[in-house]
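Survey of secondary and tertiary structure
Residue strings, one per chain:
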Amino acid sequence: MIKLTENRKEIFNIIKSSKKPISAKVIQSKIKDKLDCSTVYRTLEFLTKKQIINSVSFKGKSFYYYGTGGHFLFCKECGEIIAFDQCIIGDLESKIEDKFNYKITNHVLYFQGYCSKCYAAYQKKHGGQEL
Ligand SMILES: [Zn+2]
Ligand SMILES: [Zn+2]
């Protein structure tokens, strides 16, 4: 692992200890010695480029940052994100590698829909109608 400056280390640790991907704004609010926005963004860009952290964007909204994992549920109503570590891809990755003669290094998988709360609200509004 490359050596990280204090700022980089702190931001990396915030991301690593978070259970779900977090936005730059939330990261900034968790930093002890407040850093300005552009420093936070520059650091995030650096860490992403070096592949120390990953980023994901839902519905074209701003980026969320995470360490490992890459499996998400995203509620398109309230924006709640659930991250899970368990990989359900199985041998799909090697099948894709064979089919496209490709070497896959990682994947991001996200499912989009309604969380239980939003789905209940949807059904209520539409008289119990299924989606
Ligand atoms: Zn929701
Ligand atoms: Zn996976």
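Residues numbered from 1 in each chain as written. Chains lettered and ligands numbered in written order. Predicted model: local features only at pLDDT ≥ 70, side-chain atom pairs only at ≥ 80, totals over all residues. Heavy atoms only, no water.

Per an unreviewed UniProt entry, the recorded name for the chain is Transcriptional repressor, and the organism is Haliovirga abyssi. Here is the UniProt Sequence similarities (unreviewed entry) comment for the chain, exactly as written: "Belongs to the Fur family." (UniProt positions renumbered as here; feature names shortened; annotations may be inferred.)

Its location among the elements puts histidine 71 in strand β4 (residues 71-75). The exposure class assigned to histidine 71 is buried, which follows from its relative accessible area of 4%. Here histidine 107 takes part through its side chain, which lies 3.3 Å from a polar atom of the side chain of histidine 71. (Helix = DSSP H or I, 4+ residues; strand = E, 2+ residues; numbered from the N terminus. Buried < 20%, exposed > 50% of the residue type's maximum accessible area, 1.4 Å probe, protein only. Polar contact = N/O pair within 3.5 Å; in protein donor to acceptor, adjacent residues only side chain to side chain.)

Attention now goes to the coordination of the zinc ion (ligand 1). Here the zinc ion (ligand 1) is held by Cys75 (SG), Cys78 (SG), Cys115 (SG) and Cys118 (SG), and the distances to it run 2.2 to 2.3 Å. For the zinc ion (ligand 1), the four donor atoms in the first shell make angles of 101 to 116 degrees at the metal, a pattern classed as tetrahedral. In primary-sequence terms, the residues that donate to the zinc ion (ligand 1) follow C-x2-C-x36-C-x2-C. Taken as a pair, cysteine 75 in strand β4 and cysteine 115 in the loop between β6 (109-113) and α5 (116-125) lie far apart in primary sequence, 40 residues in all. Taken individually, cysteine 75 and cysteine 115 each receive the classification buried, so the pair is uniform in this respect. (Donors = N, O, S within 2.8 Å, 3.2 Å for Na, K, Ca; no water. Tetrahedral: all angles 85-135°; square planar, octahedral: opposite > 155°, others 65-115°.)

The next thing to look at is the sheet that holds β4. With mixed pairing, the three strands of this open sheet are ordered in space as β5-β4-β6. Bordering the open sheet on either side are β5 (81-83) and β6, each of which pairs with just one other strand. If you compare each strand with its neighbour and ignore which way they point, the axes differ by 20 degrees on average. Relative to β5, β4 runs antiparallel, the two sharing three bridges. Directly across from phenylalanine 74, in β5, lies its bridge partner isoleucine 81. (Pairing = 2+ DSSP bridges. Axes fitted to C-alpha atoms, helices over the stretch in contact; angles between N-to-C directions.)

What follows concerns unusual backbone geometry. In the Ramachandran plot, glutamine 51 falls in the positive-phi region, its phi being about 60 degrees despite a non-glycine side chain. Looking at the secondary structure, you find glutamine 51 in the loop between α3 (37-49) and β2 (54-57). Relative accessible area serves as the criterion here: at 69%, glutamine 51 is assigned to the exposed category. Although it is not a glycine, asparagine 101 adopts a positive phi angle of roughly 50 degrees. Position of asparagine 101 among the secondary structure elements: in the loop between α4 (92-100) and β6.

By domain assignment, the chain separates into domain 1 (1-66) and domain 2 (69-131). Look at where the C-alpha atoms of domain 1 and domain 2 centre, and you get two points 23 Å apart. Across the boundary between the two partners, domain 1 contributes nine residues, which contact 11 residues of domain 2. In total, about 930 Å² of surface goes out of reach between domain 1 and domain 2, with carbon and sulfur atoms giving 68% of it. Broken down residue by residue, the surface that domain 1 buries against domain 2 is led by Phe58, Lys59 and Tyr66, which jointly contribute 55%. (Domains from an automatic or database assignment. Contact = heavy atoms within 4.5 Å. Buried area = accessible area lost by both parts, 1.4 Å probe.)

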